[in-house]
Amino acid sequence: MNIRTMRLLKKAHIERYGEPVPTEVQTGTVKGHGILITGHDFLVLEKLLQQVDGTDVNVYTHSEMLPAHGYPGLKKYKNLVGNLGKAWYDQKELFPKYSMAILGTTNCFLPPKADITDRMFSTGPVRLPGVQNIEGYDYRAVIEKAHSLPELPDEPGDHVLMTGFSASVVLSLAPTIKKLVEEGKIRHFFLVGGCDTPLKKSTYYREFVQKLPSDTVILTLACGKYQFNDLDLGTIEGVPRLIDLGQCNDAIVAVDIAQALADLFGVGVNDLPLTLSVSWMEQKAVAILWSLLALGIKGIYLGPILPGWVNEDILKLLVDTYDIKLVTTPDEDIKKMLA
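Criteria and thresholds
Residues numbered from 1 in each chain as written. Predicted model: local features only at pLDDT ≥ 70, side-chain atom pairs only at ≥ 80, totals over all residues. Heavy atoms only, no water. Helix = DSSP H or I, 4+ residues; strand = E, 2+ residues; numbered from the N terminus. Rg over C-alpha atoms; globule rule 2.2 N^0.38 Å. Buried < 20%, exposed > 50% of the residue type's maximum accessible area, 1.4 Å probe, protein only. Areas by Shrake-Rupley, 256 points an atom, 1.4 Å probe, with all protein chains shown as cover. Lys, Arg positive; Asp, Glu negative; His and termini not counted. Charge placed at Lys NZ, Arg CZ, Asp CG, Glu CD. Axes fitted to C-alpha atoms, helices over the stretch in contact; angles between N-to-C directions. Parallel < 35°, antiparallel > 145°, perpendicular 65-115°, else oblique. Left-handed = near helix turned anticlockwise from the far one by under 90°. Contact = heavy atoms within 4.5 Å. Nonpolar A, V, L, I, M, F, W, Y, C, P; charged D, E, K, R; others polar. Core = buried A, V, L, I, M, F, W, Y, C linked by side-chain atoms within 4.5 Å. Pairing = 2+ DSSP bridges. Arc of directions from axis to C-beta. Polar contact = N/O pair within 3.5 Å; in protein donor to acceptor, adjacent residues only side chain to side chain. Salt bridge = Lys/Arg side-chain N within 4 Å of Asp/Glu carboxyl O.

Q: With reference to specific residues and values, describe the overall build of the chain.
A: Looking only at helices and strands, one finds twelve helices and 16 strands in the chain. Relative to its length of 339 residues, the chain is compact, with a C-alpha radius of gyration of 20 Å against a globular reference of 20 Å. Here the C-alpha coordinates of the chain stretch approximately 60 × 45 × 35 Å along the principal axes. A burial count over the chain gives 54% of its 339 residues as buried. Taken as a whole, the chain presents about 14,800 Å² of accessible surface, with 55% of it coming from carbon and sulfur. Distance from the positive charge centre (34 side chains) to the negative charge centre (40 side chains) of the chain: 1 Å.

The structure is reproduced here in structure tokens:
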């Protein structure tokens, strides 16, 4: 059911907004009033962009909204100007920092600091104490609040992010990828992603990606990518080494790419030079992990923080039946994965 749901959601996104294309996304702010949108709901973003079109109110994405910049039907709006912040948990520091209205669209919306409650809004099923909830898609209250706040300065960020790699974009590189693999120029593929956390152990993934050899390619998705998506990893003869596939639910894109590569090389998915290393903890993310197991994918690395739903019996079942492996240190794990 979850696999079907992810496919339907991806189909809906592409039919409404077009196939994502690789897109550079600015960080920092541009001069003007601002609205910061967080969560996952692209339809809310579209309705908001339509309502600010032609005004001096700019819209910035946060966390899992970053992949919106890759969709032609959303990136066409000039008021969609960039991305601020990183994963979901930076909200309490990020939101007070900028004089803008804030709109939360799905889960991963945190109770605010009291002094900014009046400029925070939620929509749809999201509720927070003291935060106005908007039914439907009329965001005049959010826009009016943005206009009432001081303008933001023109302050570009320190780095540019890249997103928008759809299955079709990646698979258009299939002949090149096959050639590079056969020539030994691409040794291994990694899917690195999942839920980011504020705990110190989560820096594992930044160190892990930094230490991967230059003849490897990293696919990523969900907010876990914020541990390392500011890194410039370069390319391998035109193939980007860091490929952002999108939101957490875009795991279905990774599955389709893996299956297409398996067909290209005439092997099973588990025989590909591909390793999945993920940190998935909340309900939706767990459903994606179950989906991968249901598809027969084995040898997934999990960690560095075990999800709260794992007890000894569940862990034993995952290890014995599905060959789940727990991460240790980046150096040790890379050595095992490449072997």
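Q: Explain the packing of helix 1 (residues 2-17) against helix 2 (residues 42-52) to me, and be specific about the residues and the numbers.
A: Packed helix pairs are characterised by how far apart their axes lie and by the angle those axes make with each other. Put simply, helix 1 and helix 2 touch, their axes get as near as 11 Å, and they point 20° apart. Between helix 1 and helix 2, the angle falls in the class roughly parallel. Crossing of helix 1 over helix 2 shows left-handed handedness. Contact with helix 1, carried on its side by H13, R16 and Y17, involves F42, L43, E46 and K47 of helix 2 and no other residues of that element. Taken together, the residues of the contact of helix 1 with helix 2 break down into three nonpolar, one polar and three charged.

Q: Just give me the short version of the nonpolar core, but keep the residues and values in it.
A: Residues V217, I243, L245, I257, L276 and I300 are the most contacted members of the largest nonpolar core, which totals 44 residues. If you list the elements that add at least two residues to this core, you get helix 6 (167-171), helix 7 (174-182), strand 9 (188-194), strand 10 (216-221), strand 13 (242-246), helix 9 (251-265), strand 14 (274-279) and helix 10 (283-294). When residues of this core are assigned to their parent elements, the largest contribution, nine residues, is made by helix 9. If near-sequence neighbours (up to four positions away) are discounted, V217 is found in contact with I186, H188, F189, F190, I236, V239, P240, R241 and I243. In terms of nonpolar packing, the next biggest core, distinct from the first, is built from 25 residues, V44, L48, A101 and I143 among them.

Q: Run through unusual backbone geometry, naming residues and quoting values.
A: Across the junction of G303 and P304, the peptide omega takes the value 5°, indicating a cis bond. Position of P304 relative to the elements: it lies in the loop between strand 15 (301-302) and helix 11 (312-322). The phi dihedral of C108 falls on the positive side, at around 65°, and the residue is not glycine. Positive phi is not limited to glycine here, since D323 has a value of about 55°. For D323, the position within the fold is in the loop between helix 11 and strand 16 (325-326). A relative accessible area of 33% places D323 in the partly exposed class.

Q: Go over the sheet that holds strand 15 with me, naming the residues and quoting the values.
A: Strands belonging to one sheet form pairs held by backbone hydrogen bonds; the direction of such a pair is parallel or antiparallel. An order of 13-10-9-14-15-16 is seen for the six strands of this open sheet, with the pairing classed as parallel. Strands with a single pairing partner mark the edges of an open sheet, and in this sheet they are strand 13 and strand 16. Note that strand 15 and strand 16 share two bridges and pair parallel. Note on strand 16: the bridge partner recorded for Y301 is K325.

Q: Break down the pairing of strand 1 (residues 23-29) for me, with residues and values.
A: Among the seven residues that make up strand 1, five are buried, leaving the element largely enclosed by the rest of the structure. As judged from the six bridges shared by strand 1 and strand 8 (residues 155-163), these two strands associate in the antiparallel manner. Across the sheet, the residue bridging to G28 is P156, located in strand 8.

Q: Got a sec to walk through helix 7? Specific residues and values, please.
A: Considered for burial, the residues of helix 7 that qualify are A174, I177 and L180. Taken end-on, helix 7 shows its buried residues confined to a sector of 125°, consistent with a single buried face. Away from the buried face of helix 7 by more than 90 degrees, exposed residues P175 and E182 are located. Residues of helix 7 that are buried make contact with helix 6, strand 9, strand 11 (235-236), strand 12 (239-240) and helix 9.

Q: Quick rundown of the environment of V44? Include the residues and the values.
A: Topologically, V44 is positioned in helix 2. Judged by relative accessible area, which is 2%, V44 ranks as buried. Along the primary structure V44 and T105 are separated by 61 residues, whereas in three dimensions their C-alpha atoms are 7.0 Å apart. Those residues in contact with V44 that lie beyond four places of it in its chain are I37, L103, T105, T123, Y137 and Y139.

Q: Give me the side chain of T163: which residues, what numbers.
A: Structurally, T163 can be placed in strand 8. At a separation of 2.9 Å, a polar atom in the side chain of T163 contacts the side chain of D244. If we ignore the near neighbours within four places in the chain, the residues touching T163 are V21, P22, T23, V25, L66, P67, H69, G70 and D244.

Q: Just give me the short version of the pattern of salt bridges, but keep the residues and values in it.
A: Summed over the entire model, instances satisfying the criterion amount to 19 salt bridges. With its nearest N and O atoms 2.6 Å apart, the salt bridge here joins E46 to R16. Taken together, the positions of E46 in helix 2 and R16 in helix 1 put the pair 30 residues apart, joining distant regions of the chain. Since its relative accessible area comes to 45%, R16 is described here as partly exposed. Between K211 and D331 there is a salt bridge, with its nearest N and O atoms 2.9 Å apart. Of this pair, K211 sits in helix 8 (residues 204-211) while D331 is found in helix 12 (residues 330-338), placing the two residues 120 residues apart along the sequence.

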